[in-house]
Amino acid sequence: MTEPLTKPSADAPVLVVAIDGPAGSGKSSVSKAAATRLGFGFLDTGAAYRALAWHALEHGSDTSDATAVLEVFGDFDYAISLDPADRWVRVGGTDVTAAIREPRVTDAVSGVARVPAVRQAVNDLFRRLVASSGLRGVVVEGRDITTVVYPDAPVRILLTAAPEVRAARRSAELTSQDAAAVAASLHKRDAADSTVVDFLSAAPGVEVVDSTHLDFEQTVDAVLHVVDSTMGARDGR
Ligand SMILES: Nc1ncnc2c1ncn2[C@@H]1O[C@H](COP(=O)(O)OP(=O)(O)OP(=O)(O)O)[C@@H](O)[C@H]1O
Ligand SMILES: Nc1ccn([C@@H]2O[C@H](COP(=O)(O)O)[C@@H](O)[C@H]2O)c(=O)n1
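Residues numbered from 1 in each chain as written. Chains lettered and ligands numbered in written order. Predicted model: local features only at pLDDT ≥ 70, side-chain atom pairs only at ≥ 80, totals over all residues. Heavy atoms only, no water.

- Looking at an unreviewed UniProt entry, the protein carries the name Cytidylate kinase, with the source organism given as Microbacterium mcarthurae.
- Regarding the protein, the UniProt comment filed under Sequence similarities (unreviewed entry) reads as follows: "Belongs to the cytidylate kinase family. Type 1 subfamily."
- Of the comments in the UniProt record for the protein, the one headed Subcellular location (unreviewed entry) reads "Cytoplasm". (UniProt positions renumbered as here; feature names shortened; annotations may be inferred.)

## A closer look at the site of ligand 1
Okay, so step 1: Among the 19 residues in the neighbourhood of ligand 1, the closest are listed as Lys-27, Ser-29, Arg-170, Arg-189 and Thr-219.
Okay, so step 2: The contact in question runs from an oxygen atom of ligand 1 to an N or O atom on the side chain of Lys-27, over 2.7 Å.
Okay, so step 3: One of the backbone N or O atoms of Phe-216 is found 3.4 Å from a nitrogen atom in ligand 1.
Okay, so step 4: Here ligand 1, which alone exposes 640 Å², has 83% of that area covered by the protein.
Okay, so step 5: Breaking the shell around ligand 1 down by element, the ones donating at least two residues are α1 (27–38), α7 (163–173) and α9 (216–234).
Okay, so step 6: Looking at side-chain class alone, the shell around ligand 1 contains four nonpolar, seven polar and eight charged residues. (Near = heavy atom within 4 Å. Polar contact = N/O pair within 3.5 Å; in protein donor to acceptor, adjacent residues only side chain to side chain. Areas by Shrake-Rupley, 256 points an atom, 1.4 Å probe, with all protein chains shown as cover. Helix = DSSP H or I, 4+ residues; strand = E, 2+ residues; numbered from the N terminus. Nonpolar A, V, L, I, M, F, W, Y, C, P; charged D, E, K, R; others polar.)

## What about the pairing of strand β7 (residues 155–160)?
Okay, so step 1: In terms of burial, β7 is largely enclosed, as six of its six residues are buried.
Okay, so step 2: Taking every second residue as pointing to the same face, both faces of β7 are buried, with Val-155, Ile-157 and Leu-159 on one and Arg-156, Leu-158 and Thr-160 on the other.
Okay, so step 3: Two elements, strand β1 (residues 15–20) and β7, share four bridges in a ladder whose sense is parallel. For Asp-20, the partnering residue across the bridge sits in β7 and is Leu-158.
Okay, so step 4: In the sheet, β7 pairs with strand β8 (residues 207–210) via four bridges, with the strands oriented parallel. Along β8, the bridge assignment pairs Leu-159 with Val-209. (Buried < 20%, exposed > 50% of the residue type's maximum accessible area, 1.4 Å probe, protein only. Pairing = 2+ DSSP bridges.)

## Here we look at the UniProt feature "domain: Cytidylate kinase" (unreviewed entry) in the protein
Okay, so step 1: Within this structure's numbering, the places UniProt gives as "domain: Cytidylate kinase" (unreviewed entry) are residues 17–227.
Okay, so step 2: Across residues 17–227, the secondary structure splits into 49% helix and 15% strand, with the terminal C-alpha atoms separated by 7 Å.

## Notes on the pairing of strand β2 (residues 41–44)
Okay, so step 1: Here β2 shows no split at all, with Gly-41 and Leu-43 on one side and Phe-42 and Asp-44 on the other all buried.
Okay, so step 2: The pairing of β2 with strand β6 (residues 137–142) spans four bridges and is classified as parallel. Paired with Phe-42 across the bridge in β6 is Val-139.

## Overview of the packing of helix α2 (residues 46–58) against helix α5 (residues 116–131)
Angle between the axes and distance between the axes: these two values describe a pair of packed helices.
Okay, so step 1: Where α2 contacts α5, the two axes come as close as 10 Å, and the packing angle between them is 130°. Compared by their axis directions, α2 and α5 come out oblique. Considering only the axes of α2 and α5, their crossing is right-handed. Contact with α2, carried on its side by Ala-48, Tyr-49 and Leu-52, involves Val-118, Arg-119, Val-122, Asn-123 and Phe-126 of α5 and no other residues of that element.
Okay, so step 2: A per-class count over the contact of α2 with α5 returns six nonpolar, one polar and one charged. (Axes fitted to C-alpha atoms, helices over the stretch in contact; angles between N-to-C directions. Parallel < 35°, antiparallel > 145°, perpendicular 65-115°, else oblique. Left-handed = near helix turned anticlockwise from the far one by under 90°. Contact = heavy atoms within 4.5 Å.)

In structure tokens:
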């Protein structure tokens, strides 16, 4: 268990724990658990790109066509919960929390995520959501959080695991799908996404947590240890 973090004054900025990593590295499940233990909010930034891919597919748009993506982005009405105990994602009032995890969305998401105007707009949205959250802190996870969205966050972590371990964990989750197809989809998405942002190597100052040989609880503890030691060093503890 980490020591409680000092509560900042009411006008203090929201404390951001930025976590990046490849597909299946545990970003979302580990960040959610870490946020719960810290008493922080949790922002899954990939959900925005997934929701936009879902929205584009609902419109019958070609998600590999930047012009078509920008067209549907015009009426993309997005909302997300920052409460780790009550996660939901909505588009235009429709709850898409489960729908955005479907394979058809996962396979389409990299197309919408490579459009620069989309990235800029959703990154601005993420910063607004965090700044207006009224929360003491938020764990924000994605691919470019440590480098683009919050390069100055007090805590920045790259969460990694060996590719075959990530594929096996994802495959264990998606038991109705063929394991080889799950692994191929995960690696294909990493290959596409890493042409847009670098989440395979740690930027200067970013701490690496490699969960290849850690179980889930050990990984959460490792992340909380980085938070604790970074904040302790900052606060002179
Ligand atoms: N250290 C670990 N040991 C065992 N299982 C783990 C560990 N870390 C995460 N997992 C499991 O691996 C799976 C993938 O984790 P998760 O969905 O959080 O990854 P992700 O990085 O958010 O993936 P994506 O980017 O594809 O959304 C989940 O079933 C999760 O419970
Ligand atoms: N900061 C981010 C977060 C996500 N993406 C893109 O969204 C896809 C889905 O993300 P998950 O974390 O839910 O797997 C991901 O494959 C990226 O295409 C991003 O570009 N930047």
